[in-house]
Amino acid sequence: MANTEKKQMLVGKSQPTGRVPRTDPYTVISGHYVGRDGFVVPRTCDEFLERFPNYVHRWVKKRLNGSAAAEDVEDWTQELTLHLRYLPETSKHRLEGKADVIETFDPAKHHGANEPRFLNYVNLCLANRFNTLFAKRRRDALGRNNWVPLAGGFGCKEPGTVDDEFCHRESAYLKAAAQRLAEQEADRLRIVELIRFAERCDPGVLPAIHALMQAVNCRDAARHLGVSHAEFR
């Protein structure tokens with residue numbers, strides 16, 4: 001088009017299927033996607049981190065639900081920030097000249113470029129990486145946080161020894177803790193399996209799935225996607 005500074009992107013509305021969110025129109029101004037709500041999508045990870053400096057940190061704290069030490073939160077924040085900043089060397093997007101995850105955002109695939117849809121994409125990328133790393137750490141015995149050394153720490157008289165009193169006092173607690181961790185891990189793996197299934201068979205439902213993961217109910221998820229409750233259902 002003649003005007004390279006500002007060009008209108010004509011995005012057709014999706015047919016109502018009861019599952020796929022409505023596609024919002026967006027524009028491209030000075031190389032930035034601009035949503036109907038006026039939100040300007042960051043072009044690069046550096047721009048994203050400059051505008052949302054605490055976003056990854058808050059996301060990690062919410063995901064860990066306050067159950068991790070400050071050092072663990074910081075480690076996860078750094079790990080996920082690096083994920084956003086650098087694409088893998090084997091990524092197909094590098095062939096398109098893209099270097100970080102933020103650059104791969106495509107409003108045509110995510111039904112628009114408003115702020116909720118862009119942040120939903122960021123949440124999706126963070127969740128995928130988090131789940132991958134978490135599953136890897138769970139398979140590593142040294143990375144588990146629920147192992148208990150026999151070298152004291154529970155009031156034993158001599159380091160490296162345990163007695164009947166210790167076993168009877170601690171076994172019920174340890175079994176309950178291990179069961180809770182196993183249930184949490186099974187839930188996460190089921191969610192990962194559902195997301196991968198949707199990616200293969202019906203990518204259009206991904207924004208709705210991730211909105212539900214971040215929300216407390218359907219109405220909250222609808223507001224997160226920028227659609228009405230009826231459209232979301």
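Residues numbered from 1 in each chain as written. Predicted model: local features only at pLDDT ≥ 70, side-chain atom pairs only at ≥ 80, totals over all residues. Heavy atoms only, no water.

### Remarks on the overall build of the protein chain
What the protein chain contains, in helices and strands, is eight helices and three strands. Its helices and strands taken in sequence order, the protein chain reads β-β-β-α-α-α-α-α-α-α-α from the N to the C terminus. Every one of the 233 residues in the protein chain was classed for burial, and the buried ones make up 34%. (Helix = DSSP H or I, 4+ residues; strand = E, 2+ residues; numbered from the N terminus. Buried < 20%, exposed > 50% of the residue type's maximum accessible area, 1.4 Å probe, protein only.)

### Let's talk about the packing of aromatic side chains
Given two aromatic rings, their pairing is described by the distance between the two centres and the angle made by the two planes. A complete count under the given rule lists 13 aromatic pairs for this structure. With 6.5 Å between their ring centres and 55° between their planes, Phe39 and Phe52 make a pair best called tilted. Here Phe39, found in the loop between β3 (32-35) and α1 (45-51), pairs with Phe52, found in the loop between α1 and α2 (55-64); they are 13 residues apart in sequence, far enough to count as distant. The same class applies to Phe39 and to Phe52, which are both buried. Here a set of aromatic residues connected by ring pairs shows up, and it is made of Tyr26, Tyr33, Phe39, Phe48, Phe52, Tyr55, Phe105, Phe118 and Tyr121. (Phe/Tyr/Trp six-rings, centres within 6.5 Å; stacked < 30°, edge-to-face > 60°.)

### Quick look at the packing of α2 against helix α3 (residues 70-85)
Put simply, α2 and α3 touch, their axes get as near as 9 Å, and they point 125° apart. Comparing their axes, α3 and α2 come out oblique. Between α2 and α3 lies a crossing of right-handed hand. For the pair α2 and α3, the contacting residues are Val56, His57, Trp59, Val60, Lys61 and Leu64 in the first and Val73, Glu74, Trp76, Thr77, Leu80, Thr81 and Leu84 in the second. (Axes fitted to C-alpha atoms, helices over the stretch in contact; angles between N-to-C directions. Parallel < 35°, antiparallel > 145°, perpendicular 65-115°, else oblique. Left-handed = near helix turned anticlockwise from the far one by under 90°. Contact = heavy atoms within 4.5 Å.)

### Considering helix α4 (residues 115-139)
Taking 1.5 Å of rise per residue, the 25 residues of α4 would be expected to cover 36 Å, and the 36 Å separating its terminal C-alpha atoms lies within 8% of that figure. Regarding α4, its N-cap is Asn114, as a side-chain oxygen of that residue lies 2.9 Å from the backbone nitrogen of Arg117 further along. (Expected span 1.5 Å × (residues − 1). Polar contact = N/O pair within 3.5 Å; in protein donor to acceptor, adjacent residues only side chain to side chain.)

### Observations concerning the pattern of salt bridges
This model, assessed by the stated rule, comprises seven salt bridges. Linking Arg51 and Glu47 is a salt bridge whose minimum nitrogen-to-oxygen distance equals 3.7 Å. Of this pair, Arg51 and Glu47 both sit in helix α1, four residues apart, which is roughly one turn of that helix. Residues participating in the shared-partner salt-bridge network are Asp24, Arg36 and Arg117. (Salt bridge = Lys/Arg side-chain N within 4 Å of Asp/Glu carboxyl O.)

### What to know about unusual backbone geometry
Of note, Ser30 is a non-glycine position whose phi angle comes to about 55°, a positive value. Position of Ser30 relative to the elements: it lies in the loop between β2 (26-29) and β3. Of the residues examined, Ser30 reaches a relative accessible area of 37% and is grouped as partly exposed. At His111, a position not held by glycine, the phi torsion is positive, near 65°. By the secondary structure assignment, His111 is in the loop between α3 and α4. For His111, a relative accessible area of 8% corresponds to the buried category.

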